[in-house]
Amino acid sequence: MRLTDTGDLWWKTAVVYCLDLETFMDFNDDGVGDFEGLAHRVDYLAELGVTCLWLMPFYPTPGRDDGYDIIDFYGVDPRLGHHGDLVEVLRTAKDRGMRVIADLVVNHTSDQHPWFKQARSSRTNPYRDFYVWRDEIPKDAPTNVFPDQEDGVWQYDEKTEQYYLHNFYRHQPDLNLANPKVRDEIAKVMGFWMELGLSGFRVDAVPFLDQSDPNVDVHELLRSLRKYLTRRTGDAVLLGEVNLPYAEQYAYFGGEAADELTMQFDFVGMQRLYLSLARQDARPLAEALRERPVLAQENQWANFVRNHDELTLDKLSDAERQEVFEAFAPDEGMRVFDRGIRRRLPPMLAGDPRHVRMVYSLLFSLPGTPVIFYGEEIGMGENLDQAGRLAVRTPMQWNSGANGGFSRARARRLVAPVTPDGFGPAHVNAADQRTDPDSLLAFFEKLIRRYRASAEIGWGELTLIDSGVDAVLVHAVQGAEGRMIAVHNFSSDPQEVEFALPDGMGPSSELVELLRDGDVVADDRGRVALALDAFDHRWLRVHDGDDKRLS
Ligand code: NOJ
């Protein structure tokens, strides 16, 4: 293992955990989660094996887009605490070896932001140019991101008689990134949070930053932000939300120069994963992995199964999307925006623990860095009574008591109702799972330990191995750090597979099981035969006698 390299580029082998303060843990019993609550749960996260917290927006907000509508980029929403409480979280996390990143939402502000209030007060106000104004709606105007809520991206402002741009809700005017003053402000905001101890940002809505304006070169903007970040702290990351085809994502990494975003979510791989799950056929995912660009050493894919938004299926064909809808969101009410699903994974898989575990085993074994959304580690479900994307943003379920241990406030005062029914706290909670060695939480802890001890997953080269069975994905990762093979059965039927070890891994190697007892031996031609149970998942470390690792 290259100890020096892995230490420097911490994000290559990180475990990122995304949470929303307001639904995580309420310390002062007012029904809203807060920084003090989180500070008291840092040990839980450390025990799980999390190495990087991603805090969703915690800034002052009117709360019309769950905090992605910001009125002060430097502030802390008073419902969540104040800067002192945030610093306590940063300090505690640092003490447990955990980094913290936060959302950087600079495509837009809230319409209640003082800049916008100024900007819309008159056409000559000095802040007018902080936003994008037009006399007429341009002919080639794109469709709005929230098509069920907004019918366009240009909103007429009665007072100043011009239209302003809003790619998202009309209460989220887009900032004018062609204006150097706006760019300076963004750099200052980043500088501020880095001084407080953040290790980088999840950059919201990257492709929208271009505003369809030829004067805005997003790549140039990202290059300058990345340079600035590197000058200030050498090891901070920009993790971009870029839901685009791989070729365009590669450009947002800065291509070979690797001088733009450090990491990006693999939206394409995630969508093909669901197609594979729906079909019980590993090939759609394998195809995505084959197409996925190989990145420069300092860049990384962020793999994920679910996030706080809809499970978008916009990169699938209409027919493929329909297949996934029928498998996992059979009722219209489980879908949103005609392109996504507002559910969490376990209910989509009918709560089948074998199936759920297979998916997370895959998540932690695919080359890249895994990102978990809070509650995934205990198998939380959704609350479809909540509107739109809020279905998956319910309070964390800590124990089986009132409000799932999230808060001692009266239930009707909670920021969001706790998930009811079969996936509610009586059945799904962290306290019970902590003492149960067979729980999903215990499984996550083990996966994370094995993932952290297998740096090749973050650093190594991927080889897809022909398993001879469409339902079974066999992939190898290998590099100077080590070599391993992962086998995943997408089928509800047992499968027999036989495959050849790839170059550099054979022929007669000893394969050590990392998730269960036992060894597997490759024959003298380097072939491996395995009998797999339904939804089986195996991690096999390839030994050549020279490996100093425990397993
Ligand atoms: C992307 C975020 O993930 C989403 O939750 C939000 O609504 C939009 N950006 C607008 O900020």
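Residues numbered from 1 in each chain as written. Predicted model: local features only at pLDDT ≥ 70, side-chain atom pairs only at ≥ 80, totals over all residues. Heavy atoms only, no water.

Draft legend 1. Quick look at the overall build of the chain. Per the secondary structure count, the chain includes 16 helices and 22 strands. Taking 551 residues into account, the globule formula puts the C-alpha radius of gyration at 24 Å, and the chain, at 24 Å, falls close to it. A burial count over the chain gives 62% of its 551 residues as buried. In the chain, once contacts between residues fewer than 6 apart in sequence are set aside, the share between residues at least 24 apart is 69%. Put simply, the chain shows about 21700 Å² of open surface, and 47% of that area lies on carbon and sulfur atoms. (Helix = DSSP H or I, 4+ residues; strand = E, 2+ residues; numbered from the N terminus. Rg over C-alpha atoms; globule rule 2.2 N^0.38 Å. Buried < 20%, exposed > 50% of the residue type's maximum accessible area, 1.4 Å probe, protein only. Contact = heavy atoms within 4.5 Å. Areas by Shrake-Rupley, 256 points an atom, 1.4 Å probe, with all protein chains shown as cover.)

Draft legend 2. Layout of empty space enclosed by the protein. Tallied over the full model, the rule gives 3 cavities of 30 Å³ or more. One number sums up the size of the largest cavity: a volume of about 110 Å³. Lining the largest cavity are 14 residues, with G269, L273, N303, F304 and L366 positioned closest to its centre. Elements represented by at least two residues in the lining of the largest cavity include exactly α9 (267-279), α10 (283-291), β10 (300-304) and α13 (353-365). Grouping the amino acids of the lining of the largest cavity by side-chain chemistry returns 10 nonpolar, 2 polar and 2 charged. (1 Å grid on protein atoms, 1.4 Å probe; cavity = no way out; pocket = protein on both sides within 12 Å on 5 of 7 lines; lining within 4 Å. Points joined across faces, edges and corners; volume = space filled by probe spheres on them. Nonpolar A, V, L, I, M, F, W, Y, C, P; charged D, E, K, R; others polar.)

Draft legend 3. Region of interest: the sheet that holds strand β1 (residues 16-19). Here we have 8 strands rolled up into a closed barrel, ordered β1-β2-β3-β7-β8-β9-β10-β14, and parallel in their pairing. Ignoring strand direction, the axes of neighbouring strands in this sheet form an average angle of 25 degrees. With 3 bridges joining them, strand β9 (residues 263-265) and β10 adopt parallel strand pairing. Across the sheet, residue Q264 finds its bridge partner in β10, namely W301. (Pairing = 2+ DSSP bridges. Axes fitted to C-alpha atoms, helices over the stretch in contact; angles between N-to-C directions.)

Draft legend 4. Layout of the site of the ligand. Close contacts around the ligand come from D65, Y68, H108, F146, F168, R202, D204, E241, H308, D309, R389 and R393, and that covers them all. A distance of 3.1 Å separates an oxygen atom of the ligand from a polar side-chain atom of R202. Between the ligand and the protein, one listed contact pairs an oxygen atom with a side-chain N or O atom of R389 at 3.0 Å. Considered on its own, the ligand offers 290 Å² of accessible surface; in the complex 98% of this is hidden by protein. (Near = heavy atom within 4 Å. Polar contact = N/O pair within 3.5 Å; in protein donor to acceptor, adjacent residues only side chain to side chain.)

Draft legend 5. Up close: the pairing of strand β2 (residues 52-55). Burial along β2 is two-sided: C52 and W54 facing one way and L53 and L55 facing the other are all buried. In the sheet, β1 pairs with β2 via 4 bridges, with the strands oriented parallel. Across the sheet, residue V16 finds its bridge partner in β2, namely C52. With 4 bridges joining them, β2 and strand β3 (residues 99-104) adopt parallel strand pairing. In the sheet register, C52 faces β3, and the bridge partner there is R99.

Draft legend 6. Just the sheet that holds strand β12 (residues 335-336), in detail. With antiparallel pairing, 3 strands are arranged side by side in an open sheet as β11-β13-β12. Two strands in the sheet have a free side with no partner beyond their single neighbour: β11 (311-312) and β12. Bridge count between β11 and strand β13 (residues 340-341): 2 bridges; the pairing is antiparallel. Bridged to T312 within β13 is G340.

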